[in-house]
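Here is how the chains run, residue by residue.
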Amino acid sequence: MPRTRDYYEVMGVSRSASEKDIQGAFRKLARKLHPDVNPGDKEAERRFKEISEAHDVLSDPEKRKLYDRFGADWQAAATAGVDPDQPRAQWPYGGGQGGGGRVEYQNIDPEVFEDLLRGAGSARAGFGDLFGSIFNRESSTRPPVDGETTMEVTLAEAFRGTSRQVGLPDGRRLEVRVPAGVQDGTVLRVPGLRVRVHVTGDPLFEREGKDLRVPVSVPLATALLGGEVDVPTLKGGRVKLNVPPETQNGTRLRLRGLGMPDPKGAVAGDLYAEVRVRLPLPVDERTRRWARGLDPE
C-alpha cells in the first residue's frame, strides 16, 4: 500500500505554520485545483481531494495535535482515546521531532492493521487492543483513562479465565478478557477505562498466591495405615491422593501443578490437600478401649 503524503508537504507549509497560514495555503491551492476550474483533469481532481483531506486535519486543532504525534495513524489514536495534550516524550512512537526538523512516523500498513484487528470484536475495541499493546510497555505510556470500575469473578473463573462486558463512560460496551490465573486486585486496562478485578472467595478452596488449599476428609484407618483418598480440584473432577501411613491430622500433602495457572505462562502453582482425620462414628466399645490404652479384647 502506498504511504500517505505528509499533510504539511501537501499544503506547502512548514510544521510551525499558523492556522492563518494553513487557511491561506488551502484557498490558494483550491482556486488552482478545483474541479470546476479543471474539468476532466483527473490529476487536478486527485490533488484537490488530497489538499482537502490535509486541510480537514490541519485546520482542526485536536486532529492536528494527533497528526503531529502519530502521522498517518492519527485516526487510530483518536479511536483509542489518546489524549493529544499529553507530553510528547511520553509517547512510545511517532510525534518525535527528528534531526533537521523532519518528523519520522511509524506508519502501519492498512492490511497489516486489519490483521491486527481481526477477531477483536469491533473496530473500536480492536484499535484499543493495538494501542494497549503499544502503551503497556510502561505505565507512563498508557493512554489516559476516563474512569475505573470493579469486576467480580469467582475463584473458578479466575482459574479458567473468563470475559465480561463492561460499560465505558461514553456509553459504549466492551468485552474485557480476564486471563487464567488472574490475581485479586489486578487492574486490566481498556481504552477509556481501568477495570479492577476482585476475585471472590470460594466455599471449598483457599488461595495462597498461585497455590491452592483444600480440606480432605481421611478415615482414621487410612491415616493410621495409609491408603488412597479422592481430592477435588478447581478444574473439576477429582484426583487420587496417596496418604502415607501414620499421617497426622492437619498434614498438608502436595499435588504438583494443580494450583492456579500463571497469567504469564510460567509454571502453575500446586494444590495442597489438608488432612482432616475422620473418626469412625459411632465409636464402638472396642475403639474406646483402644483409645484408653486398654486391650481392645
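Each remark here, short or long, concerns the structure printed above.
Residues numbered from 1 in each chain as written. Predicted model: local features only at pLDDT ≥ 70, side-chain atom pairs only at ≥ 80, totals over all residues. Heavy atoms only, no water.

(A) Highlighting the pattern of salt bridges. Applying the stated criterion across every chain, the model contains 24 salt bridges. With its nearest N and O atoms 3.1 Å apart, the salt bridge here joins Asp 6 to Arg 15. Among the salt bridges present, the one from Arg 252 reaches Glu 274, with a minimum N-O distance of 2.9 Å. Taken as a pair, Arg 252 in strand β10 (residues 252–255) and Glu 274 in strand β11 (residues 271–278) lie far apart in primary sequence, 22 residues in all. Judged by relative accessible area, which is 41%, Arg 252 ranks as partly exposed. Within the structure, one salt-bridge network assembled from shared partners comprises Arg 5, Glu 9, Glu 43, Arg 46, Arg 47 and Glu 50. (Salt bridge = Lys/Arg side-chain N within 4 Å of Asp/Glu carboxyl O. Helix = DSSP H or I, 4+ residues; strand = E, 2+ residues; numbered from the N terminus. Buried < 20%, exposed > 50% of the residue type's maximum accessible area, 1.4 Å probe, protein only.)

(B) Main features of the packing of aromatic side chains. This structure, assessed with the given rule, holds two aromatic pairs. Taking 4.7 Å as the distance between ring centres and 25° as the angle between the ring planes, the aromatic pair formed by Tyr 7 and Tyr 67 counts as stacked. Taken together, the positions of Tyr 7 in helix α1 (residues 7–11) and Tyr 67 in helix α4 (residues 61–70) put the pair 60 residues apart, joining distant regions of the chain. This pair shows no difference in class: Tyr 7 is buried, exactly as Tyr 67 is. (Phe/Tyr/Trp six-rings, centres within 6.5 Å; stacked < 30°, edge-to-face > 60°.)

(C) Focus on the nonpolar core. Within the largest apolar cluster, 35 residues are counted, with the highest numbers of intra-cluster contacts made by Val 195, Val 231 and Leu 234. Every residue in contact with Leu 234, bar those within four places of it in the chain, is listed here: Leu 155, Ala 156, Phe 159, Asp 202, Phe 205, Leu 212 and Met 260. Counting residues in hydrophobic clusters, the runner-up holds 23 residues, among them Tyr 8, Ala 54, Val 57 and Ala 77. (Core = buried A, V, L, I, M, F, W, Y, C linked by side-chain atoms within 4.5 Å. Contact = heavy atoms within 4.5 Å.)

(D) Expanded view of the pairing of strand β4 (residues 187–190). Residues of β4 alternate between two faces, with Leu 188 and Val 190 buried on one and Val 187 and Arg 189 left unburied on the opposite face. Bridge count between β4 and strand β5 (residues 192–199): four bridges; the pairing is antiparallel. By the bridge assignment, Val 187 is partnered in β5 with Arg 196. Taking the residues between adjacent antiparallel strands as the criterion, β4 and β5 are bridged by one residue. (Pairing = 2+ DSSP bridges.)

(E) Focus on the sheet that holds β10. Spatial strand order, β6-β7-β11-β10: four strands in an open sheet with mixed pairing. Only two strands of the sheet have a single neighbouring strand rather than two, namely β6 (206–208) and β10. Direction aside, the axes of adjacent strands within the sheet are offset by 35° on average. Here three bridges tie β6 to strand β7 (residues 211–219), and the two strands are oriented antiparallel to one another. Note that in β7 the partner of Arg 207 across the bridge is Leu 212. (Axes fitted to C-alpha atoms, helices over the stretch in contact; angles between N-to-C directions.)

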